[in-house]
Structure formats: C-alpha cells, structure tokens
Amino acid sequence: MQTRRSSRLGFQPPAVGEEEVAAVADALRSGWLTTGPRAALLEERMAAYLEAKHVLAVASGTAALHLSLLALGVGPGDEVITSPITWPATANVIEHCGATPVFCDVRPGDLNIDPALVPGLLSERTKAIMPVHLAGQPADLDPLLALGLPVVEDAAHAAESAYRGRKIGSISDAACFSLYATKNIAAGEGGLVATDRDDVAQAIRDMRLTRRGDGARYDQVSAGFKANLPDVLAAIALVQLDRVEEHARIRARQFALYDEGLAGLAGIEPLERDPRDTHALHLYIVRIDPAAAGACRDDYQRALDVELIGTSIHFLPVHRLTWFRGRYPSQPPLPVAERAGDEVLSLPLSPAHSEADILDAVDAIRRVHARFTA
Ligand SMILES: *Cc1c(COP(=O)(O)O)cnc(C)c1O
C-alpha cells in the first residue's frame, strides 16, 4: 500500500564536502596535529560570530560545560539548577565537580527550563543555573539572570541562536557550544566556551591543558585536564563556520516543509518557537500525543523505521535514567518533563538532505498517521 524509499534516510548526517577534506589535508601537511594556529583562528572567528569577548576551544561540549563550572568555582557541597530535558552530559559535569544537580521542570511549549519554578529550588548552596537551549530555541534567560547567580548556558544546539536580539554567546557568564558530528557547526568532536569574563577565560585556558605555556619553561597553576581542541578538527570547524548561514537557510526550508506537511495531523505538534528570538533550527522535534495520534511515540518511531526514515529522541528526562534514579531516590516527579520524554520525536534534518528527502519523511509520517488513526 505504500511507496517506500529505496534507501534509508539518515536522521542527521553531517554536511561535509571537499572543502572540509582539503582543510584537513592542509592541517596535516602543516605539521600541526594538535592545538595550534587553526584552533586560535577558530577562537578568533567564533568570538566575532558569537559577539563574545573570549572564545576558548576545547575537546567537547561536555568539556566546555565542565570547565565553565570549575572556572566559576562550583565544587563539593554546591547545587546547580538545570533542565532534565537535555543530554546527560549537562548533569554529569555537575557531578564531576562534586556538586549536586537540582532538576527544574520545563515549560510544555518549548521544553526549556521553566523560570517560574527556579526560585522555589534555590537554596543557600545554589552556585549556578544551567539552562539548555533545546533544539535551538533560547531558554528564557532574563528571569534567570535577574536572580543574580552565575548562568552557564548549554548552547550545544544554539550556534546561530539569539535571545531577544542578543546573540547566544554574548549574554551570560559562559555559553557552551558543541562541535559534535551532528551539531550545526560540526567538526566530529570539539567544544567552545564563549564568555565576556576575563577570569573565566583565564581559568579555562589554565585548565584545558596541563600547563600554562608562554615561555620555554612550563608551570601549572591548577590541576589541569587534557581538553584542548586539535587543529585537524579546528580546520573542519572553520569551513563549517564559513557555511553556517548557507546551512541554516537549507534547514529553514526543511522546517517550513515539515510545518506545512504536518499541519493538521491530529496529535502531532512541533515544539513552540518564539518569534522574538532567533532559533538555530538544530532539531525538528514533534510531540506525539497518543490519545489523538492513535499510537505512542515508540510505535511511530518503529513504523517510521520500517519506512526507512531515521529518527531520534531529544531527550529522555535525565533524572529518570538508571544512574540518576539510584543516586537521587527521593527526586520529586517532574510531570511536564516526564510526559515530554514519552512524546518527543526528532525528524530527519540536515543540510545534506534534499527537499525530496524531507518530503519523503513527511509522506511517511502522514501514511503512518493515517494507519494509526484509521
Ligand atoms: C551534544 C550535546 C552536549 C555535549 O556535547 P559533546 O560535544 O558531545 O560533548 C551537551 N548538551 C547537549 C544538549 C547536547 O546536545
């Protein structure tokens, strides 16, 4: 009964081409395999792009979050308020600092941290707040900043985002970006911290490599990590940065095709996007309400898999994962996040996909929906 794709549509394949290949070859021929001039150039160009005073290149988005918390002095006995709808790394780095993650429920529309609930979670031990800009929609930062505590943004999805006209990267104590293979600026692995604070920038510089290295003789001013970004990866990120607007235009078209193609399907709704903000269009996430859509998210995901349409889930609530459940057995329920964790589904989205690919995904969803609601 259905016309099926002859090949699988990947969920989020990287959009890399010959220019990235050439940039890696150049980096290898230059003799600099590790952190060098390309990483420095990436920091300079990202600082201009993000409108930040400093950008520090590091090994991963996870390292960017971890070093930012340490730079702000988060340590044993402290609490950090964060969102449960995120990649577990956001909460893991709080643990790695010896601190305690305090999960705050999210808003039903965009699944970002609900600023109205944060004041009720503050304690004398609260040291920082870590909002996540899910899918590229900025969290509501002003009420968080108004609390007067350091804010560390998980901006892994938010390379192109702006909050009320201000670039993400130019606003808080530290905004942490990821260069992971699926992200909008993809180097395979890597991360960036954007900050206007000289002390935060210096602390991260001191920690990301086990040395403070200006002269022939090295010194160490803190227990350092190995969290620097190699030039081979920075070379890829530099080409991706050249393409950031071209890629964003392609994803914007894909968003429009989904908005149009899925409109009116009962029980399938995209997350809200705030027109006052610039959305980075990193993920196209729909919520599937089983009461109206005739089946649950997992059934839809399986049916789409049979149709050769790759999908993903962003995210399962972190506080419900086995390790966090065991560690915090008296965690109160977070009803909005827990329901969302059962309903969210991320659809194929990538500058590597054609419009026909996205229309195939739309057709497949409509077919599956018709079957489940028949
Ligand atoms: C990808 C991601 C991270 C981690 O970034 P890595 O570069 O993979 O370490 C953190 N938070 C969110 C929301 C992410 O999507």
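Since the structure is predicted, the reported quantities are computational estimates derived from the model, not experimental observations.

Details of the packing of aromatic side chains
No. 1: Scanning all chains against the criterion turns up five aromatic pairs.
No. 2: Cluster of aromatic residues (ring-pair linked, three or more members): F103, W323 and F324.
No. 3: Positioned above the aromatic ring of Y49, the side-chain terminus of K167 is 4.0 Å from the ring centre.

A short note on the pairing of strand β2 (residues 79-82)
No. 1: Both faces of β2 are covered, namely the face carrying E79 and I81 and the face carrying V80 and T82.
No. 2: Judged from the four bridges that link them, β2 and strand β3 (residues 100-103) form a sheet pairing that is parallel. The residue bridging I81 from the neighbouring strand is V102, located in β3.
No. 3: Once the chain exits β2 it traverses helix α4 (residues 89-96) before rejoining the sheet at β3, and the crossover so formed is right-handed.
No. 4: Two elements, β2 and strand β4 (residues 126-130), share four bridges in a ladder whose sense is parallel. Each bridged residue has a counterpart across the sheet, and for T82 the counterpart in β4 is M130.

Here's the deal with the site of the ligand
No. 1: In the neighbourhood of the ligand, 14 residues make up the surrounding shell, with T62, D154, H157, S178 and K183 lying closest.
No. 2: Separating an oxygen atom of the ligand from a backbone N or O atom of G61 is a distance of 2.7 Å.
No. 3: Between the ligand and S178 there is a distance of 2.7 Å, counted from an oxygen atom to a side-chain nitrogen or oxygen.
No. 4: In isolation the ligand exposes 380 Å². Once the protein is present, 91% of that is buried.
No. 5: By residue class, the composition of the shell around the ligand is four nonpolar, eight polar and two charged.

What counts as what
Residues numbered from 1 in each chain as written. Predicted model: local features only at pLDDT ≥ 70, side-chain atom pairs only at ≥ 80, totals over all residues. Heavy atoms only, no water. Phe/Tyr/Trp six-rings, centres within 6.5 Å; stacked < 30°, edge-to-face > 60°. Lys NZ or Arg CZ within 6 Å of the ring centre and 35° of its normal. Buried < 20%, exposed > 50% of the residue type's maximum accessible area, 1.4 Å probe, protein only. Helix = DSSP H or I, 4+ residues; strand = E, 2+ residues; numbered from the N terminus. Pairing = 2+ DSSP bridges. Right-handed = clockwise from strand over helix to strand, strands pointing away. Near = heavy atom within 4 Å. Polar contact = N/O pair within 3.5 Å; in protein donor to acceptor, adjacent residues only side chain to side chain. Areas by Shrake-Rupley, 256 points an atom, 1.4 Å probe, with all protein chains shown as cover. Nonpolar A, V, L, I, M, F, W, Y, C, P; charged D, E, K, R; others polar.

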